Amino acid sequence: MTPNMLTAIITFSTILIFLLSVFFFKRSTKQYFEEIRLKKRCFDEILESINRPINNLSEESQTFARDVCAIKQQGKHDFVSFKDERMEIMRHPSQIVNEFSVSSFSSVPAILTVIGILGTFVGITIGLSGLGSDTQILIQQAMKLIGGLGTAFWTSIVGMGSSFLFMLFMSW
């Protein structure tokens, strides 16, 4: 396998891991914010329904009200309990909306950096392999060493650069 081919494989792998991580991070944040929007719509609908039975709410809001709110029964109907025009909830806010966690993505920058460093060692190993003591052969092998160092430095740059970009992306 030539140094250029190895450089391409390691670079492609690093970029692929970076892009997949960005995709899954973006998808997770989108799902999280969609969950918040849904629960806010339910809250808003419940707040607008003071003195109306729960079964007059949308199906999502009915499920949400029964799960989160204090319920009072009057006659044959269930109502969300309000006290001083405030909805009474039975759960702590942290149980209503889960906190968004970046912990599953926190190792991505380290993985990208490790791939870059691994490429560095592989490139140096390729460059140093087969060096002999004969000066004529040594001059010819210097070209191989330079090719290996190209792999080494290029993969490190890609690994550390993509790690840096992913950390920036996570912090926004």
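Refer to the structure above for everything that follows.
Cut-offs applied
Residues numbered from 1 in each chain as written. Predicted model: local features only at pLDDT ≥ 70, side-chain atom pairs only at ≥ 80, totals over all residues. Heavy atoms only, no water. Salt bridge = Lys/Arg side-chain N within 4 Å of Asp/Glu carboxyl O. Helix = DSSP H or I, 4+ residues; strand = E, 2+ residues; numbered from the N terminus. Buried < 20%, exposed > 50% of the residue type's maximum accessible area, 1.4 Å probe, protein only. Phe/Tyr/Trp six-rings, centres within 6.5 Å; stacked < 30°, edge-to-face > 60°. Core = buried A, V, L, I, M, F, W, Y, C linked by side-chain atoms within 4.5 Å. Contact = heavy atoms within 4.5 Å. Arc of directions from axis to C-beta.

1. Observations concerning the pattern of salt bridges
Here's step 1: Overall, the coordinates contain 6 salt bridges when judged by the stated rule.
Here's step 2: In this structure, arginine 66 engages aspartate 78 in a salt bridge whose closest nitrogen and oxygen atoms are separated by 3.1 Å. Taken as a pair, arginine 66 in helix α2 (residues 59–68) and aspartate 78 in strand β2 (residues 77–80) lie far apart in primary sequence, 12 residues in all.
Here's step 3: On the basis of relative accessibility, which here comes to 44%, the residue arginine 66 falls in the partly exposed class.
Here's step 4: The salt bridge involving aspartate 67 is made with arginine 91; its shortest N-O contact spans 2.9 Å. Taken as a pair, aspartate 67 in helix α2 and arginine 91 in the loop between β4 (86–87) and α3 (93–96) lie far apart in primary sequence, 24 residues in all.
Here's step 5: Aspartate 67 sits in the partly exposed class, given a relative accessible area of 42%.
Here's step 6: Members of the salt-bridge network, linked through shared partners, are Glu34, Arg37 and Arg41.

2. Observations regarding the packing of aromatic side chains
Here's step 1: Scanning the entire structure with this criterion turns up 9 aromatic pairs.
Here's step 2: Each ring, one from phenylalanine 18 and one from phenylalanine 166, has its centre 6.5 Å from the other, and the planes form 80°; the classification is edge-to-face. Here phenylalanine 18, found in helix α1 (residues 3–47), pairs with phenylalanine 166, found in helix α5 (residues 135–171); they are 148 residues apart in sequence, far enough to count as distant. By the burial criterion, phenylalanine 18 is buried, and phenylalanine 166 matches it.
Here's step 3: Plain terms: the ring middles of tyrosine 32 and phenylalanine 33 are 5.5 Å apart, the flat faces sit at 70° to each other, and that makes the pair edge-to-face.
Here's step 4: Take tyrosine 32: its relative accessible area is 18%, and that puts it in the buried class.
Here's step 5: Given a relative accessible area of 45%, phenylalanine 33 falls into the partly exposed group.
Here's step 6: Grouping aromatic residues by their ring pairs yields a cluster made of Phe18, Phe25, Tyr32, Phe33, Phe100, Phe105, Phe166 and Phe169.

3. Remarks on the nonpolar core
Inside soluble globular proteins, nonpolar side chains tend to come together where they are buried.
Here's step 1: Core analysis: the biggest nonpolar cluster contains 12 residues, these being Cys42, Ile46, Ile54, Leu57, Phe64, Ala65, Val68, Cys69, Val80, Phe82, Met87 and Ile96.
Here's step 2: Contributions of two or more residues to this core are made by α1 and α2.
Here's step 3: With 3 residues, the single largest contributor to this core is α2.
Here's step 4: Residue contacts for isoleucine 46: discarding those within four places in its chain leaves Leu57, Ser61, Phe64, Ala65, Cys69, Val80, Phe82 and Met87.
Here's step 5: Core analysis: the second largest hydrophobic core is formed by 7 residues, Phe18, Phe105, Val108 and Leu112 among them.

4. Thoughts on the environment of lysine 26
Here's step 1: Note on placement: lysine 26 falls in helix α1.
Here's step 2: A relative accessible area of 52% places lysine 26 in the exposed class.
Here's step 3: Linking lysine 26 and methionine 170, residues 144 residues apart in sequence, is a C-alpha distance of 9.2 Å.

5. A few points about the environment of phenylalanine 64
Here's step 1: Along the polypeptide, phenylalanine 64 turns up in helix α2.
Here's step 2: Every residue in contact with phenylalanine 64, bar those within four places of it in the chain, is listed here: Lys39, Cys42, Phe43, Ile46, Cys69 and Ile96.

6. Describing α2
Here's step 1: The complete set of buried residues in α2 reads Ser61, Phe64, Ala65 and Val68. End-on, the buried residues of α2 take up no more than an arc of 100°, which puts them together on one face. Those residues of α2 that are exposed and aimed more than 90 degrees away from the buried face are Glu59 and Thr63.
Here's step 2: At its buried positions, α2 is contacted by α1, β1 (71–74), β2 and α3.

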